[in-house]
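# A closer look at the structure
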Amino acid sequence: MRYNFNEKIDRRENHAAKWAEMKMKFGREDLTPMWVADMDIKAAPEIVEAMAEKVKQEIFGYVYRPDSYYESAANWVAKRFGYEILPNTLIHSPGVVPSMSILVNMLTKTTDKILIQSPVYPPFAASVKDNGRQLIENHLVKDENGYYTIDFEDFENKLSQESVTLFILCNPHNPVGRVWKKDELEKMGNLCKKYNVRILADEIWRDLIMPGHKHIPMGSISKEIEDITITLFSPTKSFNLAGLQASFATFPRAEERKEFDDILGRMDVKRNNPFSLVAFEAAYNKCEDWLEELIAHLDGNMQYVVDFINERIPEIKTVKPEGTYLMWLDFNGIGIPQDKIQEFLINEAKVAMNDGGTFGENGKGFARMNVACPRYMVEEAIEKIEKAVKNIK
Ligand SMILES: Cc1ncc(COP(=O)(O)O)c(C=O)c1O
């Protein structure tokens, strides 16, 4: 191991949202923070060096993207996923969620329905409802072990409704940790094609794939599916750069790419800031080894939680995620009412996790635990949860 992901970190000095917003969100400040989806892990040295070089220049004015910026992203996608995309099909945007919101407006009418697969990252439902569109949900189904799959009969049923015009896919899926397999993607993509439904693929987690699993971009499945898919991605999750606020959108259709770019132009948010400009290129060009080591660390943290729960807190159910660094813990069996679980986690366990109910009705009784941190934090959090669960009786 070249990198130490177990270094003790104190982000209170870092204005980290995970710490600074804890009181606002959970009502107290003494919790082990396992929520906001960023990492309590330092960025790769090559990224820090690239940003330090910028600081040395001592000028932070407007910047212009060199060709090498989009090329580095396209090369990364080709190398990691075997998917060739032309650099000129990429567009910069200030974030995946902003892109989603813009695209909901751009691709649909207010009378349209938009399909999502719950439980899912809360901004999916918000970007639909807050933009005055109607939400329609294909609930993911969970087997007795807690492994989620797609109810394709329901999926097709929902897609076949006339007013459904857009499907927002989350791959890998936050929070259930699935990395959708080729046959699942093919089926989803072909059904969307059949019912003339566009696909917005949020693939922000695509680089964080655990050993034994493989990410397949939706757009790579076939030319027909690529043509109906707009893909959103970014190195911000994988390289812990979310605060730099930049991302990519891939548009197979030139006229839509222009329309999207024009919207960003009208809002004057077309530029990178000087730091995302150099950090993203450094991540894609120089930090693959770092990412591989990070994945091994995250996989170890996840295995640790799974083993701990199986051995010591069987009242909780979880499955090891195939991707992301988020664990989806089912607290429905701990013996307290579902609507009191989050309160219990805050006031008894003293661990800050995302309330499962915010990911959809079928997320109630769950909590999302972020394990992208040094192992000691994972140990602290899970031991506190164990103690609190044992104290219930
Ligand atoms: C599925 C998914 N999409 C988007 C985002 C946020 O993306 P951005 O910060 O680029 O808006 C997150 C953050 O957790 C996420 O989990």
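A quick note: this is a predicted structure, and the numbers were derived from the prediction, not measured. (Residues numbered from 1 in each chain as written. Predicted model: local features only at pLDDT ≥ 70, side-chain atom pairs only at ≥ 80, totals over all residues. Heavy atoms only, no water.)

### Overview of the sheet that holds strand β13 (residues 354-355)
Strand pairing in a sheet relies on backbone hydrogen bonds, with the paired strands running either antiparallel or parallel. An order of β11-β14-β13 is seen for the three strands of this open sheet, with the pairing classed as antiparallel. For this open sheet the edge positions go to β11 (326-330) and β13, each flanked by a neighbour on one side alone. Inspection of the sheet shows β11 paired to strand β14 (residues 366-370) by five bridges, in the antiparallel sense. Among the inter-strand pairings, Met327 is bridged to a residue of β14, identified as Met369. (Pairing = 2+ DSSP bridges. Helix = DSSP H or I, 4+ residues; strand = E, 2+ residues; numbered from the N terminus.)

### Some remarks on the packing of aromatic side chains
All chains considered together, the criterion is met by 22 aromatic pairs. Where Trp328 meets Phe359, the ring centres are 5.4 Å apart and the plane angle is 70°; that geometry is what we call edge-to-face. In this pair, Trp328 is assigned in strand β11 and Phe359 in the loop between β13 and β14, connecting sequence segments 31 residues apart. Both residues of the pair, Trp328 and Phe359, belong to the buried class. Taken together, the ring pairs in this structure connect Tyr3, Phe5, Tyr69, Tyr70, Trp76, Phe233, Phe239, Phe248, Phe280, Tyr284 and Trp290 into an aromatic cluster. Lying across the ring of Phe233, Arg206 places its NZ or CZ 4.4 Å from the centre. (Phe/Tyr/Trp six-rings, centres within 6.5 Å; stacked < 30°, edge-to-face > 60°. Buried < 20%, exposed > 50% of the residue type's maximum accessible area, 1.4 Å probe, protein only. Lys NZ or Arg CZ within 6 Å of the ring centre and 35° of its normal.)

### Overview of the sheet that holds strand β3 (residues 113-116)
In spatial order, the strands read β2-β10-β9-β8-β7-β3-β4; together these seven strands make up an open sheet with mixed pairing. The open sheet has two edge strands with one neighbour each: β2 (90-93) and β4 (134-137). Taken over all neighbouring pairs, the strand axes of this sheet differ in orientation by 25° on average, direction set aside. Sheet topology note: the strand β7 (residues 164-170)/strand β8 (residues 198-202) ladder contains five bridges and is parallel. Pairing of Leu169 across the sheet is with Ala201, part of β8. In this fold helix α8 (residues 182-194) packs onto β7 and β8, with an angle of close to 165° to the strand it touches most, β7. (Axes fitted to C-alpha atoms, helices over the stretch in contact; angles between N-to-C directions. Contact = heavy atoms within 4.5 Å.)

### Some remarks on the site of the ligand
By nearness alone, every residue bordering the ligand is listed as Ala37, Gly95, Val96, Val97, Pro98, Tyr121, Cys170, Asn174, Asp202, Ile204, Trp205 and Lys237. A distance of 2.7 Å is found between an oxygen atom of the ligand and a side-chain nitrogen or oxygen belonging to Asn174. Considered on its own, the ligand offers 400 Å² of accessible surface; in the complex 88% of this is hidden by protein. Broken down by element, the shell around the ligand gets its largest block of residues, three residues, from helix α5 (residues 96-107). Its residues assigned to classes, the shell around the ligand comprises eight nonpolar, two polar and two charged. (Near = heavy atom within 4 Å. Polar contact = N/O pair within 3.5 Å; in protein donor to acceptor, adjacent residues only side chain to side chain. Areas by Shrake-Rupley, 256 points an atom, 1.4 Å probe, with all protein chains shown as cover. Nonpolar A, V, L, I, M, F, W, Y, C, P; charged D, E, K, R; others polar.)

### Observations concerning the nonpolar core
Counting residues in each nonpolar core, the largest one holds 99 residues, and the members touching the most others are Met369 and Ile385. The biggest single contributor to this core is helix α12 (residues 288-312), with 10 residues. In this structure, this core is formed jointly by two domains, domain 1 (11-44 + 289-390) and domain 2 (60-286), each of which donates at least three residues. Beyond its immediate sequence surroundings of up to four residues, Met369 is in contact with Met34, Val305, Tyr325, Leu326, Met327, Leu329, Met353, Ala381, Ile382 and Ile385. (Core = buried A, V, L, I, M, F, W, Y, C linked by side-chain atoms within 4.5 Å. Domains from an automatic or database assignment.)

### Comments concerning helix α7 (residues 152-159)
Buried residues of α7: Phe152, Asp154, Phe155, Lys158 and Leu159, and no others. With its buried residues spanning 160° around the axis, α7 presents them on a single face. Structurally, α7 contributes buried residues whose contacts are with β3, β4, β7 and α8. At the N-terminal end of α7, a side-chain oxygen is found 3.3 Å from the backbone nitrogen of Glu153, two or three residues along, and the residue is Asp151. (Arc of directions from axis to C-beta.)

### Concerning the domain arrangement of the protein
Partitioning the protein into structural domains gives domain 1 (11-44 + 289-390) and domain 2 (60-286). For domain 1 versus domain 2, the distance between C-alpha centres works out to 25 Å. The interface is formed by 29 residues belonging to domain 1 together with 35 residues belonging to domain 2. With both sides pooled, the region where domain 1 packs onto domain 2 buries about 2,700 Å², and carbon together with sulfur makes up 61% of that total. Our enumeration of links across domain 1 and domain 2 arrives at four salt bridges. For the salt bridge of Glu322 with Lys181, the shortest nitrogen-to-oxygen distance reads 3.8 Å. The tally of links between domain 1 and domain 2 comes to 15 residue pairs in polar contact (both at pLDDT 80 or more). (Buried area = accessible area lost by both parts, 1.4 Å probe. Salt bridge = Lys/Arg side-chain N within 4 Å of Asp/Glu carboxyl O.)

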